[in-house]
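Architecture and fold: a report
Read off the chains here:
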Amino acid sequence: MSAIEIASLLTKANELKEFDFSSADSVLSNAIVLARTLFGAESPHVVELGNVFFKPIDLVYNTGHYMNRVYWNEGIERLRRVLKAMVYELKVAETQASVSLYPPEKITLKWMFHHVSIRWWLFIAGLLVSAVSLGFSLCKLMQ
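Residues numbered from 1 in each chain as written. Predicted model: local features only at pLDDT ≥ 70, side-chain atom pairs only at ≥ 80, totals over all residues. Heavy atoms only, no water.

Within the secondary structure, N73 sits in helix α4 (residues 66–98). When the C-alpha positions of N73 and Q96 are compared, they lie 35 Å apart, and in sequence the two are 23 residues distant. (Helix = DSSP H or I, 4+ residues; strand = E, 2+ residues; numbered from the N terminus.)

Dropping the structure here:
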């Protein structure tokens, strides 16, 4: 459901008319609320959306000045990028949630080979080598 809402906002962002600031601010506000709800108030998406501006904030340019268009285009593009990143993060989270975290009913060497890290295999091999060498040392001492 959340990915559908984000996709809807992305569609609205793609359909914005140039310099339609009220519609752009509406899409941005909805995106911020959705990002806070889905990812938390401290998420990078919320921070990034807070840095989206459709007008110059440092200077006021004449109506036909090219910088107005530059800020508009950059603001819309940044909004689109953040919305696409939000959709991607939701897809990744759904994929990870669907992966089984429980071991199978029967653990085999093949399953262990694919799911146990090399660090643990080396640790086990080290224990075996230590046990064998300790056994040889004890045999020599007993003679």
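Our next topic: helix α1 (residues 2–14). When the terminal C-alpha atoms of α1 are compared, their 18 Å separation across 13 residues agrees well with the 18 Å that a helix rising 1.5 Å per residue should span. Looking at α1, one finds that the buried residues are I6, L9, L10 and A13. Projected down its long axis, α1 shows its buried positions confined to an angular sector of 100°, all on one face. (Expected span 1.5 Å × (residues − 1). Buried < 20%, exposed > 50% of the residue type's maximum accessible area, 1.4 Å probe, protein only. Arc of directions from axis to C-beta.)

This part covers the pattern of salt bridges. Here the structure, examined in full by the defined rule, presents three salt bridges. Residues R78 and E48 are paired through a salt bridge, measuring 2.9 Å at the closest nitrogen-oxygen approach. Taken together, the residues R78 in helix α4 and E48 in helix α3 (residues 44–50) connect sequence positions 30 residues apart. Exposure remark for R78: the relative accessible area of 27% places this residue in the partly exposed category. For E48, a relative accessible area of 29% corresponds to the partly exposed category. For R80, the salt bridge identified is with E77, shortest N-O distance 3.6 Å. (Salt bridge = Lys/Arg side-chain N within 4 Å of Asp/Glu carboxyl O.)

Between α1 and helix α2 (residues 21–39), the shortest axis-to-axis distance is 10 Å and the interhelical angle comes to 160°. The pairing of α1 with α2 is recorded here as roughly antiparallel in orientation. Considering the relative orientation of α1 and α2, their crossing is left-handed. Within the contact between the two elements, α1 uses S2, E5, I6, L9, K12 and A13 and α2 uses V27, N30, A31, L34 and L38. (Axes fitted to C-alpha atoms, helices over the stretch in contact; angles between N-to-C directions. Parallel < 35°, antiparallel > 145°, perpendicular 65-115°, else oblique. Left-handed = near helix turned anticlockwise from the far one by under 90°. Contact = heavy atoms within 4.5 Å.)

This part is about the packing of aromatic side chains. Summed over the entire model, instances satisfying the criterion amount to five aromatic pairs. Taken together, a centroid distance of 6.0 Å and an interplanar angle of 55° make the contact between F19 and W72 tilted. One end of the pair, F19, is in the loop between α1 and α2; the other, W72, is in helix α4, and 53 residues separate them in sequence. For the ring pair F21 and W72, a centre distance of 5.4 Å and an interplane angle of 85° mean the geometry is edge-to-face. On the criterion of sequence distance, the pair formed by F21 in helix α2 and W72 in helix α4 is long-range, its members being 51 residues apart. Put simply, the rings of F19, F21, F54 and W72 touch in pairs and so form one group of aromatic residues. Taking the ring centre of F21 as reference, the NZ or CZ of K55 above it sits at 4.8 Å. (Phe/Tyr/Trp six-rings, centres within 6.5 Å; stacked < 30°, edge-to-face > 60°. Lys NZ or Arg CZ within 6 Å of the ring centre and 35° of its normal.)

It is worth spelling out α2 at this point. In an α-helix, one full turn covers 3.6 residues, which means residues spaced three or four apart are oriented alike. The end-to-end C-alpha distance of α2, which contains 19 residues, comes to 26 Å, matching closely the 27 Å that a straight helix rising 1.5 Å per residue would cover. What α2 keeps buried is the set A24, V27, L28, A31, I32, L34 and A35. Following α2 by one or two positions, G40 adopts a phi angle in the positive range, close to 100°.

Note that every value here comes from positions in space, so none of it alone points to a role or purpose.
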